[in-house]
Amino acid sequence: MGHDLAQLTVPFWSPAEVEGAIRGTIAHLAERRVLAYPTETVYGFGTAVDHESVEALVRMKGRPPGKPFLLLIGDPQQVHRLDLYLPPYAAHLAARFWPGPLTLVLRGGEGRVPPRLRGPEGGVAVRLTPHPGLRRLLQAYGEPITSTSANRPGVPPAMVASEIVQQWPDEIRRGLLHVLDGGRLEPSKPSTVVDCTGRRARVIRPGVLSAQQLRDVVPDLVGDT
């Protein structure tokens, strides 16, 4: 398996490996194919933010309709380039906790963000990842990528690249799936998700950041963690 793993994945651990992986990874995304990558929590699957790319991921993962994706960005300016609306309280949260384990659900992005990437209320979930390799890749790419956990339905999210290879060998060999191997990830809580589509910030999924930490920045936050 070790030899097989080396052939089926791209090293993405050291700064030199990250730099070496960027060109091929961006070319893969441009072909509207699926990328597996390490994040600060679990391994994720992602694609470019366009209808064809997103549908390729939905088909590969067998993801049910109505489950939205997250967008990962490498630069706060990408929020504005997607025409997403960052209300003042959301801008304060982003300034304090990004890059970090905070996901903001934002309004806007009409014409820029495919409907499949929206939640049931129409918001788009965005996080500025603190994973150094992934952030460097996103900065080089210059665009956000989608994100969902890298696993078959009913199986825990992958914490090492070998789990992805074991579950998706045919897709990797066919070139549909490109796997960046960032080593074994440490178990951690998911990001805290805050809905920023209304007049007040509202916690909709507890995570790493506590409600108290968030209230230090936005005192009238609704919800608990």
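Heads up: the structure comes first, above all this text.
Residues numbered from 1 in each chain as written. Predicted model: local features only at pLDDT ≥ 70, side-chain atom pairs only at ≥ 80, totals over all residues. Heavy atoms only, no water.

### A few points about helix H5 (residues 88-97)
When we look at burial in H5, the residues that qualify are Tyr-89, Ala-90, Leu-93, Ala-94 and Phe-97. Projection of H5 onto a plane perpendicular to its axis shows the buried side chains occupying an angular sector of 140°, all on one side. Across from the buried face of H5, at angles greater than 90 degrees, the exposed residues are Pro-88, Ala-95 and Arg-96. Where H5 is buried, its residues touch strand E6 (102-108), strand E10 (192-195) and helix H9 (211-215). (Buried < 20%, exposed > 50% of the residue type's maximum accessible area, 1.4 Å probe, protein only. Helix = DSSP H or I, 4+ residues; strand = E, 2+ residues; numbered from the N terminus. Arc of directions from axis to C-beta. Contact = heavy atoms within 4.5 Å.)

### Regarding the pairing of strand E3 (residues 43-46)
Along E3, one buried face is formed by Tyr-43 and Phe-45 and the opposite face, lined by Gly-44 and Gly-46, is buried too. Taken together, the four bridges between strand E2 (residues 34-38) and E3 define a ladder with antiparallel strand orientation. Among the inter-strand pairings, Tyr-37 is bridged to a residue of E3, identified as Gly-44. Once E2 ends, the chain turns through four residues before running back antiparallel as E3. Both E3 and strand E8 (residues 145-149) contribute to a ladder of two bridges, which runs antiparallel. Its bridge partner being in E8, Phe-45 is matched across the sheet by Thr-148. (Pairing = 2+ DSSP bridges.)

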